[in-house]
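One-letter residues, chain by chain:
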Amino acid sequence: GTASTRAAIDAFEAAQKDGFTEARNQLHHLSFTNPDDVPRILELGIAVNASPQFYTTFGGQHLTFLEILGEERTHNQNGMYSDLAHMGGRVSISPDYPAVTPEMIAPLYQIQVAVTLIDPSDPKSVPFPPARKPMTLEQALRAYTIDAAWLVRMEDKIGSIEVGKYADLVILDEDIRKTELTKLKDVKVLGPLMDGNFTHREGM
């Protein structure tokens, strides 16, 4: 909740003031965040990680949020990872493995949730929280690549396609920049590569 998030921010701030400035402090499972703490996250350069599925109507959990916390707190404090991305913060997204179904592990599944705020597993799902601005596709891709690599101190090896980095990438069957956002999870992977070598090839 907001109290644990604030306690972590306070600890990171104290550590930085004590000279620990290279720690790459991170808030994982960023769930409920007091809006007053957002500027502190940005100012202190704290990276955040979130599993987009868990801030939607997934499993009817939004009804529990509304019942316990009320509409104002739920709408204003839940799933603020996308707000931080729009503000220029360093955000990564990922599934909460192994607490999700195999389908939900797929990067394009979580990217679709991040750019729509809709639970793909529920045909009746609507964007939630309703006032939250979803990530752009570019922000979501960055959160799954460049910023995620930075969080694990591997930005010199993975996260972008550059000379000298591992050639770990995938070939998709369509250009996702032109795909309808609610259908991103259905884009097929034709060929994943590791170290520049195909580990699987389909229809190529």
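It should be noted that the structure appears before, not after, this text.
Now for a quick tour of the structure. (Residues numbered from 1 in each chain as written. Predicted model: local features only at pLDDT ≥ 70, side-chain atom pairs only at ≥ 80, totals over all residues. Heavy atoms only, no water.)

1. What to know about the packing of aromatic side chains
Under the defined criterion, the tally for this structure stands at three aromatic pairs. Centroid distance Phe54 to Phe58: 5.7 Å. Interplanar angle 40°. Geometry classified as tilted. For the cation-ring pair, Arg90 lies above Trp150, with the distance from its terminal atom to the ring centre recorded as 3.9 Å. (Phe/Tyr/Trp six-rings, centres within 6.5 Å; stacked < 30°, edge-to-face > 60°. Lys NZ or Arg CZ within 6 Å of the ring centre and 35° of its normal.)

2. Observations concerning the sheet that holds strand β2 (residues 47-50)
Read across the open sheet, the three strands follow the order β1-β2-β3; overall the sheet is parallel. The sheet terminates laterally at β1 (26-27) and β3 (91-93), the two strands that pair on one side only. Relative to β3, β2 runs parallel, the two sharing three bridges. In the strand pairing of β3, Val48 is matched with Val91. (Pairing = 2+ DSSP bridges. Helix = DSSP H or I, 4+ residues; strand = E, 2+ residues; numbered from the N terminus.)

3. Things to note about helix α3 (residues 61-77)
Look at α3: only 15 Å from first C-alpha to last across 17 residues, short of the 24 Å you get at 1.5 Å a residue. Of all bends in α3, the biggest is about 120°, found at Gly70. If you check which residues of α3 are buried, you get Gln61, His62, Phe65, Thr74, His75 and Gln77. In this structure, the buried residues of α3 make contact with α1 (2-17). Gly79 sits one or two positions beyond α3 and adopts a positive phi of about 65°. (Expected span 1.5 Å × (residues − 1). Bend = angle between axes of the 7 residues up to and from the residue. Buried < 20%, exposed > 50% of the residue type's maximum accessible area, 1.4 Å probe, protein only. Contact = heavy atoms within 4.5 Å.)

4. Quick look at the side chain of His75
Relative to the helices and strands, His75 is located in helix α3. Classification of His75 by relative accessible area gives buried; the value is 17%. Aside from chain neighbours lying at most four places away, what touches His75 is Leu66, Phe128, Pro129, Pro130 and Arg132.

5. Brief notes about the sheet that holds strand β5 (residues 189-194)
Strand pairing within a sheet occurs via backbone hydrogen bonds; the two strands may be parallel or antiparallel. Strand order in the open sheet formed by three strands is β4-β5-β6, with antiparallel pairing between adjacent strands. Edge strands, defined here as strands with exactly one partner in the open sheet, are β4 (169-172) and β6 (197-198). Where β4 meets β5, four bridges bridge the pair, whose relative direction is antiparallel. What sits directly across from Ile171, in β5, is Gly191.

6. Brief notes about the pattern of salt bridges
For the structure on display, the rule yields 15 salt bridges. Two residues, Arg132 and Asp83, come together in a salt bridge whose shortest N-O distance is 3.6 Å. Here the residue Arg132 occupies a position in the loop between α6 (107-116) and α7 (137-144), and Asp83 occupies one in helix α4 (residues 81-86), the gap between them amounting to 49 residues. Accessibility expressed as a relative area gives 8% for Arg132, which makes it buried. For Asp83, a relative accessible area of 18% puts it in the buried group. For Lys185, the salt bridge identified is with Asp186, shortest N-O distance 3.2 Å. Looking at Lys185, the relative accessible area reads 27%, which means it is partly exposed. For Asp186, a relative accessible area of 46% puts it in the partly exposed group. Three or more residues are tied together by salt bridges with common partners; here these are Arg6, Asp10, Glu13, Lys17, Asp37 and Arg40. (Salt bridge = Lys/Arg side-chain N within 4 Å of Asp/Glu carboxyl O.)

7. As for the packing of α6 against α7
Contact geometry for α6 and α7: axes closest at 9 Å, N-to-C directions at 140°. Here α6 lies oblique to α7, going by the angle between them. The handedness of the crossing between α6 and α7 comes out as right-handed. Residues Pro107, Gln110, Ile111, Ala114 and Val115 of α6 touch α7, and the partners they reach there are Leu137, Ala140, Leu141 and Tyr144. (Axes fitted to C-alpha atoms, helices over the stretch in contact; angles between N-to-C directions. Parallel < 35°, antiparallel > 145°, perpendicular 65-115°, else oblique. Left-handed = near helix turned anticlockwise from the far one by under 90°.)

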